[in-house]
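Chain by chain, the residues:
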Amino acid sequence: TAKRISARLISSLSMRVSGLVILMVSVMPFRNMWTFPSMDWSMKGWAENLELSAIEHPDRFARQLLRYESFFEDLAYYPFEVSVADGSDLPDNITALLPWKSSRGAPKRSSNEYRLEGDRIVCVYDMGAPIRWDALMNVLLLAFVICVMVGFSLILSNTVSEIVLTPLQNLLSQVHQTAALIFKSVSDMASALKPEASMSDDDLGGEEDDFDAAAAFRGETDLLEKVVRRLQIMSEATARPDGEEEEDRRRGLAQKDRAMIAMLGGMGFRGEESLEPTTVWRETDLCDDEDFITIFEQQQQIVEMAGLSLDQLNSWNLNPLELDRARNHAAALYSFGSHHHGLPFSPVEMGKFLEEVESSYSRNNPYHTWYHAVDVNHCVYRFMQLCSCHQFLTRCDRFALVLSATCHDIGHPGLSNSFLIESSDDLALTYNDNSPLEMMHCAKLFEVLARPRCDALGKLSKGYYREVRRLCVDAILMSDFSKHFTLIKDIQVCCEVHAEILDEARNTRRKKKLEGDSTWMSPTVQEALRTPETRGSFVNLLLHLADLSNSLKPFRIARLWAQRQLEENLIQGDMEKDMGLPLLPLNDRSKVCPPLAQISFIEFLVSPLLYPMVKILPPLQSSAEQLVLNAKMWQSQWVKDHKPTETEQTQLSDRVMKLQSVLHEVVR
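A few points on the structure. (Residues numbered from 1 in each chain as written. Predicted model: local features only at pLDDT ≥ 70, side-chain atom pairs only at ≥ 80, totals over all residues. Heavy atoms only, no water.)

## Quick look at the overall build of the protein chain
Reasoning step 1: A tally of helices and strands in the protein chain yields 27 helices and 4 strands.
Reasoning step 2: Buried positions account for 43% of the 668 residues belonging to the protein chain.
Reasoning step 3: Within the protein chain, contacts between residues at least 6 apart in sequence are counted, and of these 73% link residues at least 24 apart. (Helix = DSSP H or I, 4+ residues; strand = E, 2+ residues; numbered from the N terminus. Buried < 20%, exposed > 50% of the residue type's maximum accessible area, 1.4 Å probe, protein only. Contact = heavy atoms within 4.5 Å.)

## A word on the packing of helix α25 (residues 594-616) against helix α26 (residues 621-642)
Reasoning step 1: Contact geometry of α25 with α26 gives a least axis separation of 10 Å together with a crossing angle of 170°. The orientation of α25 with respect to α26, classified from their angle, is roughly antiparallel. On α26, the residues touching Pro595, Leu596, Gln598, Ile599, Ile602, Val606, Ser607, Leu610, Tyr611 and Val614 of α25 are Gln621, Ser623, Ala624, Leu627, Val628, Asn630, Ala631, Trp634, Gln635, Gln637, Trp638 and His642.
Reasoning step 2: Partitioning the contact of α25 with α26 into residue classes produces 14 nonpolar, 8 polar and no charged. (Axes fitted to C-alpha atoms, helices over the stretch in contact; angles between N-to-C directions. Parallel < 35°, antiparallel > 145°, perpendicular 65-115°, else oblique. Nonpolar A, V, L, I, M, F, W, Y, C, P; charged D, E, K, R; others polar.)

## Topic: the side chain of Asn112
Reasoning step 1: By the secondary structure assignment, Asn112 is in the loop between β2 (100-101) and β3 (113-117).
Reasoning step 2: Take Asn112: its relative accessible area is 12%, and that puts it in the buried class.

## Section: the packing of aromatic side chains
Reasoning step 1: Within the structure shown, the criterion is met by 17 aromatic pairs.
Reasoning step 2: Ring geometry for Tyr68 and Phe72: centres 5.7 Å apart, planes at 90°, overall edge-to-face. The same class applies to Tyr68 as to Phe72, namely buried.
Reasoning step 3: Of the aromatic side chains, those joined through ring pairs into one cluster are Trp46, Tyr68, Phe71, Phe72, Tyr77, Trp100, Tyr114 and Tyr125.
Reasoning step 4: The ring of Trp316 carries the charged tip of Arg382 above its face, separated from the ring centre by 5.2 Å. (Phe/Tyr/Trp six-rings, centres within 6.5 Å; stacked < 30°, edge-to-face > 60°. Lys NZ or Arg CZ within 6 Å of the ring centre and 35° of its normal.)

## Here we look at the sheet that holds strand β1 (residues 78-84)
Reasoning step 1: Pairing is antiparallel in the open sheet, where 4 strands are placed in the order β2-β1-β4-β3. The open sheet has two edge strands with one neighbour each: β2 and β3.
Reasoning step 2: Two elements, β1 and β2, share 2 bridges in a ladder whose sense is antiparallel. Counted as the bridge partner of Val82 is Trp100 from β2.
Reasoning step 3: Of the strands in this sheet, β1, β3 and β4 (121-126) are in contact with helix α2 (residues 42-56), which crosses β4 at around 150°. (Pairing = 2+ DSSP bridges.)

## Describing unusual backbone geometry
Reasoning step 1: With an omega dihedral of 0°, the bond running from Leu98 to Pro99 counts as a cis peptide bond.
Reasoning step 2: Here Pro99 is to be found in the loop between α4 (92-97) and β2.
Reasoning step 3: A positive phi is found at Asn432, a non-glycine position, where the angle reads about 55°.
Reasoning step 4: Phi angles above zero are rare outside glycine, and Lys643 is one such case at about 45°.
Reasoning step 5: One can find Lys643 in the loop between α26 and α27 (646-667).
Reasoning step 6: By relative accessible area, which is 63% here, Lys643 ends up exposed.

## Brief notes about the pattern of salt bridges
Should their charged atoms come close, side chains of opposite charge can pair.
Reasoning step 1: Inspection of the entire model under this criterion finds 17 salt bridges.
Reasoning step 2: In the salt-bridge network here, residues are joined through shared partners; they are Lys352, Glu356, Glu447 and Arg451. (Salt bridge = Lys/Arg side-chain N within 4 Å of Asp/Glu carboxyl O.)

## A closer look at the environment of Leu66
Reasoning step 1: Structurally, Leu66 is set in helix α3 (residues 61-71).
Reasoning step 2: A relative accessible area of 58% means that Leu66 is categorised as exposed.
Reasoning step 3: Each C-alpha atom, one on Leu66 and one on Ser102, is 9.8 Å from the other, the two residues being 36 residues apart in sequence.

## Focus: the state of the cysteines
Reasoning step 1: Scanning the model with the defined rule gives 0 disulfides in all.
Reasoning step 2: Free of any disulfide, Cys407 has its nearest neighbouring cysteine sulfur in Cys472, separated by 7.8 Å.
Reasoning step 3: Under the relative-accessibility criterion, Cys407 is labelled buried at 0%. (Disulfide = S-S within 2.5 Å.)

## Quick notes on helix α23 (residues 532-547)
Reasoning step 1: Here α23 spans 23 Å end to end across 16 residues, near enough to the 22 Å set by a 1.5 Å rise per residue.
Reasoning step 2: Counting buried positions along α23 yields 13 of 16 residues, so the element is predominantly enclosed. (Expected span 1.5 Å × (residues − 1).)

## A closer look at the pairing of β3
Reasoning step 1: Pairing between β3 and β4: 5 bridges, direction antiparallel. The partner of Glu113 across the bridge, within β4, is Asp126.
Reasoning step 2: Here β3 folds back onto β4 in antiparallel fashion, the turn holding 3 residues.

In structure tokens:
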């Protein structure tokens with residue numbers, strides 16, 4: 001249908017446009033019929049004739065003037081003056097007759113004069129009438145073109161309406177009628193199934209089963225959405241008639257019996273874990289109050305024994321670079337506490353696992369060390385606490401996020417993927433140049449888990465284990481910086497898809513704030529964030545943002561991390577120079593400017609990721625404000641250390657102010 005409509009539309013439009021062009025080309029020459037001919041030689045011929053008569057036959061010159069005037073007597077244009085040219089030598093009887101003036105008079109406007117200058121005589125013509133005719137023809141031509149364009153616009157509009165809009169309207173009308181019929185049938189079936197399936201009116205959309213009100217729906221899409229929703233509810237009701245009771249009955253059966261039921265029902269069967277809701281957020285993903293208190297008290301004792309405080313852990317002032325080994329270990333273990341995610345694990349094996357992970361990080365790297373792992377671990381913990389992630393992330397999501405943060409750079413050699421690929425490193429060859437570092441980190445994580453007494457996931461069932469493993473692998477692979485702009489695109493798309501929900505939540509949040517209510521997450525936002533795809537994206541986003549979180553910390557801490565990161569880049573730059581590999585500006589000791597590099601990092605990499613996340617998770621606003629503050633601090637240090645010109649200062653100041661203005665636009 002679309003192809004036929006398109007073909008008809010193209011054919012019709014092309015024919016009409018061709019007709020318009022042909023008409024315009026045909027009409028254009030007719031205007032010259034009423035205008036002064038461009039190739040009239042009579043004026044020049046008479047001027048030459050008078051000049052020749054004045055030289056060779058002076059006695060005939062007077063008669064020639066009379067004939068000259070009478071020749072143009074019936075024409076719209078005529079000579080009104082004949083005079084002697086400057087510097088010419090003519091007989092006295094000729095000069096006595098000149099200058100000659102016509103009885104018809106001179107033109108009122110000098111712009112209507114047309115001069116023909118010979119060697120001895122100058123003839124001046126009045127071209128007022130031809131010029132007026134030419135102007136009139138131009139006006140008429142313009143009016144004609146306007147009328148033709150308006151007429152053809154109406155014709156094209158009617159053509160589009162006839163070929164496109166009318167068939168589309170008929171098609172939508174048929175869709176509406178068909179959907180109404182389906183909805184009525186589904187409603188009748190729902191009524192019949194209602195006692196058996198125990199479906200409430202709210203489950204069916206809170207509307208009457210009688211579909212005479214179908215005409216009340218304003219759009220075909222709304223109607224189709226309701227049809228699909230009812231079909232989905234009915235499918236769930238008929239497939240699992242008693243909901244959780246059906247699940248309880250299956251738990252009471254032997255494994256082979258449940259496998260037989262699953263096979264007969266057309267479902268896959270993997271053992272005990274097939275009954276676990278690992279990919280759907282449920283209220284059970286919130287920790288029980290009693291369990292929370294017990295686990296929290298145990299974790300608090302461990303932290304205090306290590307010399308840390310909960311106030312320090314619950315702030316951005318925690319700096320692993322300033323902590324000893326025991327306190328870093330306690331900080332990392334605290335983030336894994338079950339009261340944060342609700343999944344069971346052995347504290348002994350988790351402790352041994354963290355020790356093995358620590359030993360797997362290089363101690364020679366300036367930046368990618370165990371300290372960085374603890375820092376990212378703490379950062380995702382802070383994000384989850386600030387953003388109330390327990391309201392939309394499942395237990396597996398939260399546990400996998402902390403686990404990925406702790407091991408996302410395990411075994412890092414202090415070199416980038418591009419260097420490994422360019423130098424044909426064994427790691428790049430092993431993983432076919434496809435994110436070799438991240439591939440290695442994933443493998444190393446589960447290699448450590450397989451070591452004796454290090455199975456931190458040992459108490460998870462197979463279903464939960466597979467889900468945690470999948471989430472960890474996805475999150476760590478997406479931490480490859482080549483995926484950075486893909487993640488930015490994902491969060492921007494999420495903001496666009498849920499724009500109406502976010503705007504409504506923002507308005508509601510403002511009203512609650514005026515009433516003294518600090519609750520920020522509305523039920524509609526929760527529902528939008530709880531879909532599997534969105535939750536998976538946010539696990540990846542939160543890990544990647546934590547990996548880039550140095551710029552979100554207080555400037556004192558941010559500067560320490562920036563110095564370490566820069567030193568690691570410069571070491572790689574020295575190796576690139578020695579090996580003859582392409583040298584990036586940030587890796588060149590002779591060119592890099594640390595303050596400017598950090599401002600560019602904030603401006604072009606961190607803020608495009610963080611600002612859209614602030615729209616969805618408003619508690620991240622404080623981190624965004626710290627980001628802008630750090631950019632200003634780097635600007636001040638640059639001015640102090642490098643003494644730039646006023647123009648350079650103005651340009652950089654404009655960039656920093658733009659960062660701030662964009663943030664104000666996001667949070668307004």
